[in-house]
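Each chain is listed here by its residues.
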Amino acid sequence: MEIWINPACSKCRSALSLLDAEGAEYTVRRYLEDVPGEAEIEDVLTRLGLEPWDITRTQEPVAKELNLKDREAWPRDASGRARWIKALSEHPKLIQRPIITAEDGSAVVARSEEAVRDAMGRG
């Protein structure tokens, strides 16, 4: 499994601590340095079963600069999906964290202990 983290994030550090405590095998991806491309974000969204706006950190300063809360400029439907994905790739700070991709092809936004354990249980 792989975990996308920002080392400055307390939720990411908690997830890593739990993975280590449980002896899980995983790879760390510092996604602010190793930025996922649009195709990777699309893949993770499919694995999560979510839309790009579902994993967007709308309180980030860049989100405010882009005016992501303006639903006319940033529609949350099929017409705006590609633009959202592009924004996440161009501004990785917008991506919710941590995200764990499991061996079974699924993924979870692992912001809670339960979500981390769920990901571990998926292989």
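Whatever comes next refers back to the structure up there.
Conventions adopted
- Residues numbered from 1 in each chain as written.
- Predicted model: local features only at pLDDT ≥ 70, side-chain atom pairs only at ≥ 80, totals over all residues.
- Heavy atoms only, no water.
- Core = buried A, V, L, I, M, F, W, Y, C linked by side-chain atoms within 4.5 Å.
- Buried < 20%, exposed > 50% of the residue type's maximum accessible area, 1.4 Å probe, protein only.
- Helix = DSSP H or I, 4+ residues; strand = E, 2+ residues; numbered from the N terminus.
- Pairing = 2+ DSSP bridges.
- Right-handed = clockwise from strand over helix to strand, strands pointing away.
- Axes fitted to C-alpha atoms, helices over the stretch in contact; angles between N-to-C directions.
- Contact = heavy atoms within 4.5 Å.
- Polar contact = N/O pair within 3.5 Å; in protein donor to acceptor, adjacent residues only side chain to side chain.
- Arc of directions from axis to C-beta.

Here we look at the nonpolar core
Link 1 in the chain: By size, the foremost hydrophobic cluster in this structure holds 20 residues, and its most contacted members are Ile55, Ile95 and Ile99.
Link 2 in the chain: Within the residue set of this core, elements represented by two or more residues are helix H2 (38–48), helix H3 (61–66) and helix H4 (81–90).
Link 3 in the chain: Counting residues in hydrophobic clusters, the runner-up holds 16 residues, among them Ile3, Cys12, Val108 and Ala119.

Re the pairing of strand E1 (residues 2–5)
The side chains of a regular strand alternate, residue by residue, between the two faces of the sheet.
Link 1 in the chain: Summarising the sheet, E1 and strand E2 (residues 27–30) pair through 4 bridges and their orientation is parallel. From the neighbouring strand, Ile3 faces E2, where its bridge partner is Val28.
Link 2 in the chain: With respect to chirality, the unit in which E1 leads through helix H1 (residues 10–21) into the neighbouring parallel E2 is right-handed.
Link 3 in the chain: In terms of strand pairing, E1 meets strand E3 (residues 99–101) through 3 bridges, oriented antiparallel. Bridge assignment links Glu2 to a residue of E3, and that residue is Thr101.

Things to note about the sheet that holds strand E4 (residues 107–109)
Link 1 in the chain: Spatially, 4 strands are ordered E2-E1-E3-E4 in an open sheet, and the strand pairing comes out mixed. Taken across any chain shown, the strands that pair with only one partner, and hence form the sheet edges, are E2 and E4. Pairwise comparison of adjacent strand axes, ignoring direction, gives a mean angle of 20 degrees for this sheet.
Link 2 in the chain: Relative to the sheet, helix H5 (residues 113–121) contacts E3 and E4, its axis offset from that of E4 by approximately 170 degrees.

Observations regarding the side chain of Arg57
Link 1 in the chain: Its location among the elements puts Arg57 in the loop between H2 and H3.
Link 2 in the chain: What makes Arg57 buried here is its relative accessible area of 18%.
Link 3 in the chain: In terms of polar contacts, Arg57 uses its side chain to reach the side chain of Gln96, at 3.2 Å.
Link 4 in the chain: With residues up to four places along the chain from it excluded, the contact list for Arg57 reads Ala63, Lys93, Leu94, Ile95, Gln96, Arg97 and Arg111.

Comments concerning the environment of Trp84
Link 1 in the chain: Examined against the element boundaries, Trp84 turns out to sit in helix H4.
Link 2 in the chain: Not counting residues up to four positions away in its chain, the partners in contact with Trp84 are Pro52, Trp53, Thr56, Leu68, Trp74, Pro75 and Arg76.

Things to note about H4
Link 1 in the chain: Residues of H4 that are buried: Arg81, Trp84, Ile85, Ala87, Leu88 and Ser89.
Link 2 in the chain: Buried residues in H4 make contact with H2.

Points about H5
Link 1 in the chain: Where H5 is concerned, the buried positions are Ala115, Val116, Ala119 and Met120. Relative to the axis of H5, the buried residues are bounded by an arc of 140 degrees and lie together on one face. For H5, the exposed residues set more than 90 degrees away from the buried face come down to Glu114 and Gly121.
Link 2 in the chain: Buried positions along H5 lie against H1, E3 and E4.

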